[in-house]
Amino acid sequence: MKISIVIPVYNVVKYLRECLDSVMAQTFTDFEAICVNDGSTDGSLAILEEYAAKDNRFKIVNREN
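In short, a report on the structure. All of these numbers come straight from a predicted model, not from anything done at the bench.

Comments concerning helix α1 (residues 13–24)
1) Next: Its 12 residues place the ends of α1 17 Å apart at the C-alpha level, agreeing with the 16 Å of an ideal helix rising 1.5 Å per residue.
2) Next: Within the sequence span of α1, burial applies to L16, L20 and V23. All buried residues of α1 fall inside an arc of 55° around its axis, so they share one side. In this structure, α1 carries K14, Y15 and E18 as exposed residues pointing more than 90 degrees from its buried face.
3) Next: For α1, the elements touching its buried residues are β1 (3–9), β2 (31–38), α2 (44–54) and β3 (58–63).

In structure tokens:
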């Protein structure tokens, strides 16, 4: 059973790595993490791109705020 995790992202560079690392550390591995970037201006998008590049379960959706 695959589950989807939706992670809203807006200027959370200070906390984003901790959040994404927590998702990656779960024992349930059949998931997709949909990270919705709502026009962040603080480098959050770069972190999302880094995680999406190394783990294809992370998807990025970019939206304007």
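Points about the nonpolar core
1) Next: I7, V9, L16, L20, V23, F31, A33, C35, I47, L48, Y51 and F58 together form the largest nonpolar core, which totals 12 residues.
2) Next: Counting residues per element, the ones that place at least two in this core are β1, α1, β2 and α2.
3) Next: The contacts of L20, once residues within four sequence positions are left out, are I7, C35, I47, L48, Y51 and F58.

What counts as what
- Residues numbered from 1 in each chain as written.
- Predicted model: local features only at pLDDT ≥ 70, side-chain atom pairs only at ≥ 80, totals over all residues.
- Heavy atoms only, no water.
- Helix = DSSP H or I, 4+ residues; strand = E, 2+ residues; numbered from the N terminus.
- Expected span 1.5 Å × (residues − 1).
- Buried < 20%, exposed > 50% of the residue type's maximum accessible area, 1.4 Å probe, protein only.
- Arc of directions from axis to C-beta.
- Contact = heavy atoms within 4.5 Å.
- Core = buried A, V, L, I, M, F, W, Y, C linked by side-chain atoms within 4.5 Å.

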